[in-house]
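Residue-level structure breakdown
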Amino acid sequence: MAAGRFAPSPSGELHLGNLRTALLAWLFARSTERRFLLRVEDLDRVRAGAEAAQLTELTALGLSWDGEVSRQSERLHHYDDAVTHLRNDGRLFECFCTRRDIAEAASAPHVLPGHYPGTCRNLSESEREAARSVRPAALRLRACVDSYEVRDLLHGTYAGAVDDFVVVRNDGVPAYNLAVVVDDAEQGIDQVVRGEDLLSSAPRQAYLGSLLELPPVEYAHVPLALNPEGRRLAKRDGSVTLEALTAEGWDVLQIRALILRSLGLPDFSLETALEAFDPEQLPREAWVVDPSNLSSTDDAAATPNR
Ligand code: GLU
């Protein structure tokens with residue numbers, strides 16, 4: 001059965017922008033009769049206690065998900081199978097570059113901006129052997145395209161860069177782009193709703209999915225929450241998490257209402273929001289949140305920038 005998902009990284013508390021994305025992922029899934037899954041992306045940046053806090057916050061918002069919460073750290077064998085598939089197809093190469101090596105080589109005129117410069121793509125076996133004694137290798141994809149197209153419900157057809165990106169880090173941990181593609185397919189997820197900051201990753205992921213012969217997914221990259229300076233909302237911006245806002249006297253349902261209003265949806269209950277939900281009507285611009293001037297009764301301080 002078709003499914004959507006929310007896939008938080010347990011690196012800290014969810015702020016208003018993350019909570020809004022979670023609500024949207026739930027609305028997209030439930031309004032299309034999909035299952036809604038929760039997957040904790042805990043392969044890096046884990047903070048003790050963050051997962052439990054995030055699940056409590058999502059529940060407090062009234063969101064429910066199907067089945068058990070899954071964790072990437074418990075799914076490593078799935079990534080190993082995908083790596084074997086890619087290796088058998090000759091799609092991987094060992095890369096010994098440091099960030100600095102890449103930054104230096106990437107400034108060469110023939111390198112496309114943001115692309116891996118190809119330094120380790122064609123090393124000989126003896127060069128690889130010598131390099132292995134200096135540092136462990138990451139595994140990169142041998143990409144045969146520069147760009148790949150995806151379908152996004154909010155952005156239409158989107159073509160973006162694909163390069164020889166990392167699929168296994170040099171500490172042996174599967175890279176985000178590999179894990180997300182393998183998980184979405186293996187969990188039957190065919191609708192990926194997440195923040196717009198990940199739109200540029202979608203072509204790499206979709207291309208990788210095609211190499212692994214996985215079914216394509218439908219994307220919806222939703223607008224981010226920004227602070228008044230136009231930067232992505234972050235905890236340092238002030239009271240932008242449930243914990244901080246409730247400490248200031250907000251009720252969770254007031255916070256949920258604020259988020260629903262920012263989406264142009266009725267703020268009374270999740271059921272009424274679900275009935276009114278129409279992706280076509282969603283604000284396409286960022287949600288500007290001024291934490292020093294948030295109001296629980298009107299949305300003057302936090303309006304969608306339509
Ligand atoms: N774990 C990622 C994040 O919290 C989201 C990944 C995804 O939705 O594909 O930013």
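Parameters at a glance
- Residues numbered from 1 in each chain as written.
- Predicted model: local features only at pLDDT ≥ 70, side-chain atom pairs only at ≥ 80, totals over all residues.
- Heavy atoms only, no water.
- Pairing = 2+ DSSP bridges.
- Helix = DSSP H or I, 4+ residues; strand = E, 2+ residues; numbered from the N terminus.
- Axes fitted to C-alpha atoms, helices over the stretch in contact; angles between N-to-C directions.
- UniProt positions renumbered as here; feature names shortened; annotations may be inferred.
- Buried < 20%, exposed > 50% of the residue type's maximum accessible area, 1.4 Å probe, protein only.
- Contact = heavy atoms within 4.5 Å.
- Core = buried A, V, L, I, M, F, W, Y, C linked by side-chain atoms within 4.5 Å.
- Salt bridge = Lys/Arg side-chain N within 4 Å of Asp/Glu carboxyl O.
- Parallel < 35°, antiparallel > 145°, perpendicular 65-115°, else oblique.
- Left-handed = near helix turned anticlockwise from the far one by under 90°.
- Nonpolar A, V, L, I, M, F, W, Y, C, P; charged D, E, K, R; others polar.
- Phe/Tyr/Trp six-rings, centres within 6.5 Å; stacked < 30°, edge-to-face > 60°.
- Lys NZ or Arg CZ within 6 Å of the ring centre and 35° of its normal.
- 1 Å grid on protein atoms, 1.4 Å probe; cavity = no way out; pocket = protein on both sides within 12 Å on 5 of 7 lines; lining within 4 Å.
- Points joined across faces, edges and corners; volume = space filled by probe spheres on them.
- Near = heavy atom within 4 Å.
- Polar contact = N/O pair within 3.5 Å; in protein donor to acceptor, adjacent residues only side chain to side chain.
- Areas by Shrake-Rupley, 256 points an atom, 1.4 Å probe, with all protein chains shown as cover.

Bringing the sheet that holds strand 4 (residues 92-95) into the picture now. The pairing of strands in a sheet comes from backbone hydrogen bonds and takes either a parallel or an antiparallel form. One open sheet holds the three strands; their spatial order is 4-5-8, and the pairing between them is antiparallel. Each end of this open sheet is capped by a strand with a single partner; those strands are strand 4 and strand 8 (166-168). Across this sheet, the average inter-strand angle for adjacent strands is 45 degrees, counted without regard to direction. Alignment of strand 5 (residues 138-141) against strand 8, held across two bridges, turns out to be antiparallel. In the sheet register, L139 faces strand 8, and the bridge partner there is V168.

It is worth spelling out the UniProt feature "binding site: L-glutamate" (unreviewed entry) in the protein at this point. Under the feature "binding site: L-glutamate" (unreviewed entry), the UniProt entry names R5, F6, A7, P8, S9, E41, Y176 and R194. Mapped onto the secondary structure, A7 falls in the loop between strand 1 (3-6) and helix 1 (16-31). Relative accessible area serves as the criterion here: at 15%, A7 is assigned to the buried category. Contacts of A7, omitting those with residues within four sequence positions, involve R39 and E41. Turning to its location among the elements, E41 is positioned in the loop between strand 2 (35-40) and helix 2 (50-60).

As a further point, take the nonpolar core. Counting residues in each nonpolar core, the largest one holds 44 residues, and the members touching the most others are L16, L24, F28, L58, L63 and I259. Of all the secondary structure elements, the ones that give two or more residues to this core are helix 1, strand 2, helix 2, strand 10 (218-222), helix 8 (242-247), helix 9 (252-262) and helix 10 (270-276). Considering every element that reaches this core, the biggest residue donor is helix 1, with 10 residues. Ignoring any residue separated from it by four or fewer positions in sequence, one finds L63 in contact with A22, L23, W26, L58 and L270. Of all hydrophobic cores here, the second largest spans 23 residues; its members include L86, L139, V162 and V168.

Right, let's talk about the pattern of salt bridges for a bit. According to the stated counting rule, one finds 24 salt bridges in the structure shown. Across the pair R71 and E51 runs a salt bridge, and its minimum N-O distance is 2.7 Å. Here E51 lies in helix 2 and R71 lies in strand 3 (residues 70-71), a separation of 20 residues in the sequence. When salt bridges that share partners are traced, they join R5, R39, E41, R75, D183, D184 and E186 into one network.

Taken N-terminus to C-terminus, the directions of helix 6 (residues 176-186) and helix 7 (residues 202-211) make an angle of 60 degrees; their axes are 9 Å apart at the nearest point. In terms of their interaxial angle, helix 6 and helix 7 are classed as oblique. Between helix 6 and helix 7 the crossing geometry is right-handed. Listed contacts from helix 7 to Y176, N177, L178, V180 and V181 of helix 6 are R204, Q205, L208 and G209. Of the residues contributing to the contact of helix 6 with helix 7, the split by class is five nonpolar, three polar and one charged.

Counted by the stated rule, this structure contains three aromatic pairs. On the basis of an interplanar angle of 75 degrees and a centroid distance of 5.0 Å, the ring pair of F28 and F277 is categorised as edge-to-face. Pair noted here: F28 is in helix 1 and F277 is in the loop between helix 10 and strand 12 (287-288), with a separation of 249 residues, a long-range link. The class for F28 is buried, based on a relative accessible area of 2%. Classification of F277 by relative accessible area gives buried; the value is 9%. Taking the ring centre of Y116 as reference, the NZ or CZ of R140 above it sits at 3.8 Å.

Moving on, we come to the layout of surface pockets. Space inside the second largest pocket adds up to approximately 350 Å³. Taken together, 21 residues line the second largest pocket, and the ones lying closest to its centre are A206, P215, P216, V217 and Y219. Elements with a minimum of two residues in the lining of the second largest pocket: strand 6 (147-152), helix 6 and helix 7. In terms of residue class, the lining of the second largest pocket is built from 13 nonpolar, four polar and four charged.

To continue, consider the site of the ligand. In the vicinity of the ligand, the residues found are R5, A7, P8, S9, E41, Y176, V180, R194 and L198. Take R5: an N or O atom from its side chain is 2.6 Å from an oxygen atom of the ligand. One nitrogen or oxygen atom from the side chain of R194 is found 2.8 Å from an oxygen atom belonging to the ligand. Bound to the protein, the ligand loses 78% of the 290 Å² it would expose on its own. A per-class count over the shell around the ligand returns five nonpolar, one polar and three charged.

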